[in-house]
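Structure at a glance
Residues per chain, in single letters:
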Amino acid sequence: QVQLAESRGGLVQPGGSLRLSCVVSGTIFRNRDMGWSRQVPGKQRELVASISSGYSTNYVGSANGRFTISRDNAKNTVYLQMNNLEPEDTAVYFCYTKILTRNYWGQGTQVTVSS
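All of the points below concern the structure found in this document. (Residues numbered from 1 in each chain as written. Predicted model: local features only at pLDDT ≥ 70, side-chain atom pairs only at ≥ 80, totals over all residues. Heavy atoms only, no water.)

Thoughts on the state of the cysteines
Tallied over the entire structure, the rule returns one disulfide. One disulfide in the model links Cys-22 with Cys-95; its S-S distance is 1.9 Å. Looking down the S-S bond of the Cys-22 and Cys-95 bridge, the torsion is 45°, so its handedness is right-handed. Remark: Cys-95 occurs in strand E9 (residues 91-99) and Cys-22 occurs in strand E3 (residues 18-25); sequence separation between them is 73 residues. An identical accessibility class is assigned to Cys-22 and Cys-95; each is buried. (Disulfide = S-S within 2.5 Å. Helix = DSSP H or I, 4+ residues; strand = E, 2+ residues; numbered from the N terminus. Buried < 20%, exposed > 50% of the residue type's maximum accessible area, 1.4 Å probe, protein only.)

Here it is, written out as structure tokens:
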């Protein structure tokens, strides 16, 4: 059974930083492309960043230049380092992977950027 478990998010002041982690089990992690998405109530979930099994990375929108996605295959973990956070980054963040035609998601973790 594939499971993804995000670390706890939290409350961060504008301009601050936060690192999320996601531990994956039930699959051969090193073979999986991984990603982070986020969702604000009332809006669709949106892709933030992704990293392939070959370590190629992709960032979307405002994440570019502020967020860094990385992975540690020895720990079955994908990370999202978020710097210079803005109130607009407030959302529930989900890690995910896709195996064949099915998407797998973590339970989500709340990140709130506020003074």
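A few points about the packing of aromatic side chains
Considering all chains together, one arrives at two aromatic pairs under this definition. Judged by centre distance (6.3 Å) and plane angle (85°), the ring pair of Phe-94 and Trp-105 falls under edge-to-face. Taken together, the residues Phe-94 in strand E9 and Trp-105 in strand E10 (residues 102-105) connect sequence positions 11 residues apart. Owing to a relative accessible area of 10%, Phe-94 belongs among the buried residues under this scheme. Overall, Trp-105 belongs to the partly exposed group, its relative accessible area being 35%. Note on Tyr-96 and Trp-105: the rings are 5.0 Å apart at their centroids and 40° apart in plane angle, and the pair reads as tilted. In this structure an aromatic cluster arises from ring pairing among Phe-94, Tyr-96 and Trp-105. Over the face of the ring belonging to Phe-94 we find Arg-45, whose NZ or CZ atom lies 3.7 Å from the ring centre. (Phe/Tyr/Trp six-rings, centres within 6.5 Å; stacked < 30°, edge-to-face > 60°. Lys NZ or Arg CZ within 6 Å of the ring centre and 35° of its normal.)

As for the sheet that holds strand E1 (residues 3-6)
If you trace the four strands from one edge of the open sheet to the other, you get E1-E3-E8-E7, paired in antiparallel fashion. With partners counted over all chains shown, the strands left at the sheet margins are E1 and strand E7 (67-72), one partner each. For this sheet, the mean inter-axis angle between neighbouring strands, taken without regard to orientation, is 20°. Inspection of the sheet shows E7 paired to strand E8 (residues 77-82) by six bridges, in the antiparallel sense. In the strand pairing of E8, Ser-70 is matched with Tyr-79. (Pairing = 2+ DSSP bridges. Axes fitted to C-alpha atoms, helices over the stretch in contact; angles between N-to-C directions.)

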